[in-house]
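Now for the letters of each chain:
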Protein chains: 2
Amino acid sequence: MANRSQQFSVAVHILCFLEFNKNGRTTSELLAMSVNANPAVIRRIMRKLTKAGLIASTLGTNASITLAKPADQITLLDVHRATEEENREVFIVHRGTNPTCPVGSKMPYLLEEVNAQVLTTMEKELAGMTIGQMVKDGIGIG
Amino acid sequence: MANRSQQFSVAVHILCFLEFNKNGRTTSELLAMSVNANPAVIRRIMRKLTKAGLIASTLGTNASITLAKPADQITLLDVHRATEEENREVFIVHRGTNPTCPVGSKMPYLLEEVNAQVLTTMEKELAGMTIGQMVKDGIGIG
DNA sequence: TGTATCTGTAACTGTTACTATTACTTTTAG
DNA sequence: CTAAAAGTAATAGTAACAGTTACAGATACA
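Residues numbered from 1 in each chain as written. Chains lettered and ligands numbered in written order. Predicted model: local features only at pLDDT ≥ 70, side-chain atom pairs only at ≥ 80, totals over all residues.

Chain A carries the name Rrf2 family transcriptional regulator in an unreviewed UniProt entry, which gives Cohnella xylanilytica as its organism.

Now the structure itself:
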């Protein structure tokens, strides 16, 4: 498949952590410890989640990070779109084909069609899963 | 998504070309011209397709490459499994999480479950598409 | 039987995209 | 005013892939 980033994984992790720890204060450093990554990496992904309206954060000494809406209303499709917006390919469509060849000239279009179909199916699947479910079923209410 | 390789794309291209040109002789150099890539790249992918029983090739002066079975019986799932066998992740599962954290210790397993579900759905979709269809509908019989 | 052609394969290089890291700015509670 | 934490940018390190070169192995054909 097409993208080699763990941003989706880490984003789901962040959101699950926020739900799990909703009664405590969560900082990027705390998240970094749970994910086992650099705080700057966490903040880089947070930026996307904030832009997508999934989390909110405050600044200053007692700064904290929280979910921007109930965990049951955050689907994995929301997370996927937030982190992989630029990358809409399930597999990389090779576009540098030979335009003078009857096959080569049509392949990119055909592959784009295949990709679109698969992506749609995949997104439908992701839309049925929520952060709330994952925490309830997989981690338990903290 | 998880893999940044165009091998699936090129593999589909190769198979479509073989079906389209089934009355002519196809060489790796001809394929390389259509794909617009180095013949060695073509042969690298051919190796996987041969191993998967999708194509057959002969050696020597009049060597040629052919489909090993009717194009209607080659699904995109076959192609996907042939090229992405080692890469069973739709997104990269981050496994280096903190094992002493109640969230971090469970995330890899939870993400693997999500991945398995999405992958299954995706594979079902790919199983419904064949090389035969693509050539018939998208390129036309040569 | 020798030679040309083409696949099979291995090794190396270049490129690209991602994570890790560092450092600095901005904001806000006390 | 100071400390703590998010926001952000720039750089370095790393890993995976495509591109390339080179050569070995097989076979048709003269």
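**Looking at the interface of chain B and chain A**
With 47 residues of chain B at the interface, the matching set in chain A holds 50 residues. Here the side of chain B that touches chain A gets 10 residues from one element, more than from any other, and that element is helix α5 (residues 107-127) of chain B. In the side of chain B that touches chain A, the residues fall into 28 nonpolar, 16 polar and 3 charged. (Contact = placed C-beta atoms within 7 Å. Helix = DSSP H or I, 4+ residues; strand = E, 2+ residues; numbered from the N terminus. Nonpolar A, V, L, I, M, F, W, Y, C, P; charged D, E, K, R; others polar.)

**A short note on the protein's contact with DNA strand C**
The immediate surroundings of DNA strand C are formed by 28 residues, with A40(A), G60(A), T27(B), S28(B) and R43(B) found nearest. Going through the elements one at a time, α3 (39-51) of chain A together with α2 (28-35) and α3 (39-51) of chain B are the ones with two or more residues in the surface near DNA strand C. Looking at the surface near DNA strand C, the element that brings in the most residues is α3(B), giving 6 residues. Considered class by class, the residues forming the surface near DNA strand C number 9 nonpolar, 14 polar and 5 charged. (Near = placed C-beta within 6 Å.)

**Side note on the relation of the copies chain B and chain A**
What relates the pair of chain copies is a rotation about an axis plus a shift along that axis. For these two chains of identical sequence, chain B goes onto chain A by a turn of 180° and a shift of 0.0 Å along the axis, with RMSD 0.0 Å. Classification of the inter-copy transformation places it as that of a two-fold axis. Here 100% of the interface residues in chain B have copies in chain A that are interface residues too; the copies meet face to matching face. (Least-squares fit on C-alpha atoms with pLDDT ≥ 70 in both.)

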